[in-house]
Amino acid sequence: MSKGTKVPGYMQGKGSRNPRGIIGDREIRYKCSLQNTILDVLRGRPGWQEVPGQNNIQPNVNQANPKQAGQQSTGQQQANTGKSGSGSTTQGTTSGYKGSFQSIPPITRNSDGDWDFYWCDREWLAQNYDTMFLYEHQKILHFRNHYELTRKNLMVKNLKRLKKQTERELGKAEGQSFEFFPTTYELPSEYHIFVEEFKKNPGIIWIMKPAARAQGRGIFLFRRLKDITDWKKGEYQPLSDPNREVPETYVVQRYIENPYLIGGRKFDVRVYVLVVSYNPLKVWLYRSGFARFSNTRFSLDSIEDTYVHLTNVAIQKNAPDYDPDKGCKWSTQQLRKYLSAKHGVEAVKKAFKGIDNIIIKSLQSVQKIIINDKHCFEMYGYDVLFDSDLKPWLIEINASPSLTASGKEDYDLKFGLLNDLLNVLDLENRLTGKEKRVGGWDLLWEDGPILADDGNMECAPNGTTASIPNSFLGCHNERKRQLRELYTAAQSIKKS
Ligand code: ADP
């Protein structure tokens, strides 16, 4: 923060630029409030230096209480996989780049201007953003009101609004492209509408979820209205916990009763999405991710059994027959390969295109609401569930997806993901700014859809460049080679 006039972050870029411009010859200085893979990545990055200081790193921030962030910071907590990272040791850079850092501005000597990059937690941002001075070059994780998308009830409210607007302006058929989130109501405010809907569909299963909690906490399934009247009288009475909202907001949602099963087990898919700007909307999609399986065979006979119905690792690792060595994850590549072998490449392409649609529509639903700020970026963890027809459903969006690794493979995935995120943000100024792919990240949207280049046609064997979106979720991710080629090309473009 500057010691002089305090300017809210969202006012930046309106005449309060760092007068020294963006040229310098010093190291990039970072702060990080997490003690997991992201810290390893930052420490392993050549030329980056940790800003010393207390309160920089908070132990176990994964467990932070969302209520501590004040009224508005109510986004759900990340789904911590519950295991410590498989390596807290620093690893070397994966890009192999050893360039100089000519584009970094001189250190600004004031209390908070002495960092260039801050991987902060949402609570810190909520408490500091409104009074924060940000210099031209500074980059910080999270947009101020990210919870518009990452809190379960607000996400649905925003999606419903854009769906209605689309139907009004473009017709009912267009509105169908929003049929990717299950029917959902907020409780207690929409209780009466829910009851009407409930009565129209006797016998179906509903899932009840606290709007601002995570890791499967407080979730249960039910078939009878009586089950929630009992719950309303019992557990729902929040008086025992002073930190809880009174009454706590829940969402009640139609349960997807026909999930796609592999080996008889249900799974959902974690998809990583990076937004570097909301206006214009600029979105990157990471090729790799994972499917999280439940440990117990799926059945609708035991709706009270969370090991069957909730795929959160935090839940599954407590299952009596959980095998920590086997875990319960598949890479997205493994999943795509399996599905392609079973249903053919075209069917899988269509299913994965549905995920692109989910990503773009959901981001558009908050595009006008999110306080856009060029200093901010967000890496979302989308949770998507396929039903037995391979139709993808949006379950939720996390603003702080777990960066704690559950094993070597998971660590490598997250290490590459985060390193490439820094490569996209490009504080070192090594890129041209016109890239469609940086490591494992593919540019999906920039004020409109991005189409694939020649030579980048994996997973799209029947398409042409004119019609293939630049989207490669679950495709081969040979990120190191791509980065080497990218930097060589960018260097020669810059020279010429
Ligand atoms: P949390 O934030 O607590 O993880 P989620 O909304 O992600 O809550 O739900 C936890 C898990 O419950 C999901 O990973 C998924 O396996 C299951 N689930 C949630 N909603 C549904 C639904 N509508 N239909 C089927 N399964 C669901």
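Numbers given to residues run from 1 along each chain, matching the order in which its sequence is written. Predicted model: local features are reported for residues with pLDDT of at least 70 only, side-chain atom pairs are reported and counted for 80 or more only, and whole-chain, interface and lining totals are derived from all residues. To obtain the side-chain values, all non-hydrogen atoms of the structure were included, while hydrogens and water were left out.

Is there a simple way to think about the site of the ligand in this case?
Residues are labelled near a given molecule or strand when at least one of their non-hydrogen atoms is within 4 Å of it. Near the ligand you find 23 residues, and of these K209, G216, T311, N312 and E396 are the closest. Throughout this description, a polar contact denotes any pair of N or O atoms lying within 3.5 Å of each other; where both atoms belong to protein, one of them has to be capable of donating a hydrogen while the other can accept it, and for residues adjacent in sequence the pair is counted only when both atoms sit in side chains. The side chain of R292 places a nitrogen or oxygen atom 3.4 Å from an oxygen atom of the ligand. Note that an oxygen atom of the ligand is positioned 2.6 Å from one of the side-chain N or O atoms of N312. Computed by Shrake-Rupley with a 1.4 Å probe, the accessible areas treat only the displayed protein chains as cover when residues are assessed. Expressed as a share of its isolated accessible area of 550 Å², the protein-covered part of the ligand is 99%. Helical segments are the DSSP runs of H or I of at least four residues, strand segments are the runs of E of at least two, and each set is numbered from the N terminus. Within the residue set of the shell around the ligand, elements represented by two or more residues are strand 6 (206–210), strand 8 (250–254), strand 10 (265–278) and strand 15 (392–398). As a working rule, the residues Ala, Val, Leu, Ile, Met, Phe, Trp, Tyr, Cys and Pro are called nonpolar, Asp, Glu, Lys and Arg charged, and the rest polar, with Gly in that last group. In terms of residue class, the shell around the ligand is built from 8 nonpolar, 6 polar and 9 charged.

What should I look at first to understand the confidence of the model for the protein chain in this one?
Note that predicted coordinates carrying low pLDDT should not be read in detail. Along the chain, pLDDT gives the predictor's confidence residue by residue, from 0 to 100. The predicted model of the protein chain has a mean per-residue pLDDT of 82, with 77% of residues at 70 or higher. Throughout, a residue-residue contact means that at least one pair of heavy atoms, one from each residue, lies within 4.5 Å. For residues 1–23, every residue scores under 50 in pLDDT, and the model assigns this stretch 57 contacts once sequence neighbours within four places are set aside. Note that pLDDT drops below 50 for residues 57–111; the model gives that stretch 181 contacts with residues more than four away or on any other chain.

Which parts of the structure should I look at to understand helix 13 (residues 479–495)?
Every α-helical turn comprises 3.6 residues, leaving residues that sit three or four positions apart pointing alike. The span one expects for a helix is its residue count, reduced by one, times 1.5 Å. Given a rise of 1.5 Å per residue, 17 residues ought to cover 24 Å, and the 24 Å separating the end C-alpha atoms of helix 13 matches this to within 8%. Three exposure classes are used, based on accessible area relative to the maximum for each residue type with a 1.4 Å probe and protein chains only: buried under 20%, partly exposed in between, and exposed over 50%. Buried within helix 13 we find R479, Q482, L483, L486, Y487 and A490. Down the axis of helix 13, the smallest arc covering the buried residues is 130 degrees, so these residues share one side. Residues of helix 13 that are exposed and angled more than 90 degrees away from the buried face: R484, T488 and K495. At its buried positions, helix 13 is contacted by strand 11 (281–286), helix 12 (408–425) and strand 16 (437–438). By arc we mean the arc of the directions from the helix axis to the C-beta atoms, nothing more.

Honestly, the pairing of strand 14 (residues 376–386) in this entry has me stumped. Any pointers?
Residues in a regular strand point their side chains to alternate faces of the sheet. Among the 11 residues in strand 14, 11 count as buried, and that is most of the element. On strand 14, burial covers both faces: C376, E378, Y380, Y382, V384 and F386 on one face and F377, M379, G381, D383 and L385 on the other are all buried. As paired strands, strand 4 (residues 139–141) and strand 14 are joined by 2 bridges and run parallel to one another. Each bridged residue has a counterpart across the sheet, and for I140 the counterpart in strand 14 is C376. Summarising the sheet, strand 10 and strand 14 pair through 7 bridges and their orientation is antiparallel. By the bridge assignment, V269 is partnered in strand 14 with V384. Note on pairing: two strands pair once DSSP finds at least 2 bridges between them. As paired strands, strand 14 and strand 15 are joined by 6 bridges and run antiparallel to one another.

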